[in-house]
Amino acid sequence: MTSLARADDLAAAPLARENCAVSVETKSGVFGFDCAPGETLLYAGLRHGLTLPHECATGTCGTCRGRVMTGEVDVAWEEAPGAARLKRDKGDVLLCQTRAVGDCVLRVPAEVAAKPARHQIPAYRTGLMENIRRLTGDVISFEVALSAPMDFDAGQFVVVEAPGLEGARAYSMVNFTRSADRIELVVKRKPSGGFGDWLFGATAEGAKVKVFGPLGRATFHADEHKNLLMIAGGSGIAGMMSILASAAEADHFRTRKGYVFFGVRTLADGFYLQEFAQRVAEAQGNLEVTLALSHEDPAGADHPDHPGVKLASGMVHEVAGRAMAGRYDDLIAYVAGPPPMVDGALRTLITQGGLSPSAIRYDKFG
Amino acid sequence: MSWTYLCDAADVAPNSLKLVDANDIRVVVANYGSGFRAIPPICPHMEEPLDESGVIANCVLTCTKHLWAWNLISLELLGETEKPLKTYELKEEDGKLLAFIAEELTYDFEEEDDMDDDFFSKS
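The model shown is predicted, which means the values in this text are computed figures rather than measured ones. (Residues numbered from 1 in each chain as written. Chains lettered and ligands numbered in written order. Predicted model: local features only at pLDDT ≥ 70, side-chain atom pairs only at ≥ 80, totals over all residues. Heavy atoms only, no water.)

With that settled, the discussion passes to the overall build of chain A. Tallying secondary structure elements over chain A gives seven helices and 19 strands in all. Taken over C-alpha atoms, the radius of gyration comes to 21 Å for chain A, in line with the 21 Å a tight globule of 366 residues would show. In terms of overall dimensions, chain A has C-alpha extents of about 65 × 45 × 35 Å along its principal axes. Relative to its full complement of 366 residues, chain A shows a buried share of 55%. Taking all contacts inside chain A whose residues are at least 6 apart in sequence as the whole, residues at least 24 apart take part in 70%. (Helix = DSSP H or I, 4+ residues; strand = E, 2+ residues; numbered from the N terminus. Rg over C-alpha atoms; globule rule 2.2 N^0.38 Å. Buried < 20%, exposed > 50% of the residue type's maximum accessible area, 1.4 Å probe, protein only. Contact = heavy atoms within 4.5 Å.)

Written out as structure tokens, the structure reads:
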């Protein structure tokens, strides 16, 4: 996904040497929390349970806007895309990119609760990189063995920082289990992608990383009893795998339908196909999985090696739009992938599916 | 100013948006099937250009960037939408759409300040 709190800037910053006391004025009252040396104001508030507004937690979306009323702070990444519209002269900052240098008072123009209504309170953990394996030519999966178990909802993500690498990056969990002592994540390598290059190199296995989470609201909850539509491109499939695992555990597809549309370029770019075939078989006709190929015409309607996985030609949101006509009843749609794909999928869901925003869940990274 | 020509009604297909220039004021015309709205050209959330980011279905305008949405008949705010949609008064005469533009409607991203003192509870 996205990211970057610049490590070189972090190193040069005038960091506080001890905890700072932060007071945050919100539309629903005043809250206080401690911010550790080097810690961002957003993460500090979130790990104390406060529901501070945020989406990406990595500088791109601009949702975690706040104003520094008193006190000194340090902004890690001045050029963060999400900071473009800030009124800097008035002290506005992105809380995910700002650390306290001393005690400070903030304002956040939103209703904030003392703890989340539904999701877990995020926390820091350390972890060891394990089982790094290549899934396709440019997709790699890895596990992080966590220093302490983590509960999360299917569809959530964590922010990962690796030593010596610029940036904190957000990755959705692939697996789903309660009190998880390891999480599986997946990365699609991009040109000059620092974390991807590192993963594809020799030093990542066994390396120690820092993990913050769980984060994200694009989550699955079996007790909502909805049909599920998932449209994903590339590594965006990660959270969908977690949702499928959670749904299978809850026997969700005994009474509900599931539709997965997974967009890749060619047949050779598909991954998790064995897992999909197994899920389809388990769901006894109530789960459809379609691999949409954007740059190749498939030879047949079914995957040659993975029975139960259908094949289609075209952009994944277009494939989904054609296949879903007339089948949007009583469902929640999950969307993840590259921004143009997400945009296309949202248009399809709203205009063709007639879905309201409350029936669409995706993490707003742009 | 007064009633200003925007475009012909036939220029805006049902369930679509069109950006027009009305005497140097940029206006988006929204055709929601059973009627039209004339609105400022950007989303009041994060200034997305609505003629590109907006979609209309079931008389609802949704900005696809972050799913802020408004019912174009009632102007009700839907879902997590936090700001109302501003509209120009609009009429159709002989197939032509006219808006009453006394002054350009803006969302005052710079002037408005949701960090003001009275915005916060004093507990």
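Next, the rest of the story.
For the coordinates displayed, the defined rule picks out 25 salt bridges over all chains. In this structure, the salt-bridge partner of B:Glu47 is A:Arg85, at a minimum N-O distance of 2.8 Å. Separated into two different chains, B:Glu47 in the loop between strand E4 (36–39) and helix H1 (50–53) and A:Arg85 in the loop between strand E4 (73–75) and strand E5 (92–94) make up a pair that spans both. Between A:Glu130 and A:Arg182 there is a salt bridge, and its shortest N-O distance comes to 2.7 Å. (Salt bridge = Lys/Arg side-chain N within 4 Å of Asp/Glu carboxyl O.)

Let us look at the sheet that holds strand E12 (residues 180–188) of chain A. All names here are of chain A. An order of E11-E10-E13-E8-E9-E12 is seen for the six strands of this open sheet, with the pairing classed as antiparallel. Looking at which strands have only one partner, the edges of the open sheet turn out to be strand E11 (168–172) and E12. Direction aside, neighbouring strands of the sheet carry axes that sit 35° apart on average. In this sheet, strand E13 (residues 208–215) lies alongside strand E10 (residues 157–161) in antiparallel orientation, the contact comprising four bridges. Counted as the bridge partner of Phe-157 is Leu-215 from E13. (Pairing = 2+ DSSP bridges. Axes fitted to C-alpha atoms, helices over the stretch in contact; angles between N-to-C directions.)

Let us look at the side chain of A:Thr290. Along the chain, A:Thr290 turns up in strand E16 (residues 287–293). Aside from chain neighbours lying at most four places away, what touches A:Thr290 is A:Val260, A:Phe261, A:Phe262, A:Lys310, A:Leu311, A:Ala312 and A:Val319.

Right, let's get into the packing of helix H4 (residues 237–249) of chain A against helix H5 (residues 273–282) of chain A. All names here are of chain A. Running from amino to carboxyl end, H4 crosses H5 at an angle of 30°, the nearest separation of the two axes being 11 Å. Classified by the angle between their axes, H4 and H5 sit roughly parallel to one another. The chirality of how H4 crosses H5 is left-handed. The segment H4 lies against H5, with Ile-237, Met-241, Leu-244, Ala-245 and Ala-248 engaging Glu-275, Phe-276, Arg-279 and Glu-282. In terms of residue class, the contact of H4 with H5 is made up of six nonpolar, no polar and three charged. (Parallel < 35°, antiparallel > 145°, perpendicular 65-115°, else oblique. Left-handed = near helix turned anticlockwise from the far one by under 90°. Nonpolar A, V, L, I, M, F, W, Y, C, P; charged D, E, K, R; others polar.)

With that settled, consider the confidence of the model for chain A. This prediction gives chain A a mean pLDDT of 92; 95% of its residues lie at or above 70. Ignoring residues within four places in sequence, the model shows residues 1–12 of chain A, a span with pLDDT below 50, making 39 contacts including any to other chains. (pLDDT = per-residue confidence, 0-100.)

The next point concerns the sheet that holds strand E17 (residues 309–313) of chain A. Residues and elements named next belong to chain A. Read across the sheet, six strands follow the order E17-E16-E15-E14-E18-E19 without closing on themselves; strand pairing throughout is parallel. Whereas interior strands pair on both sides, the edge strands pair on one side only; in this sheet they are E17 and strand E19 (360–361). Looking at chain direction, strand E18 (residues 331–336) and E19 are connected through two bridges and run parallel. Looking across to E19, one finds that Tyr-334 is bridged to Arg-361.

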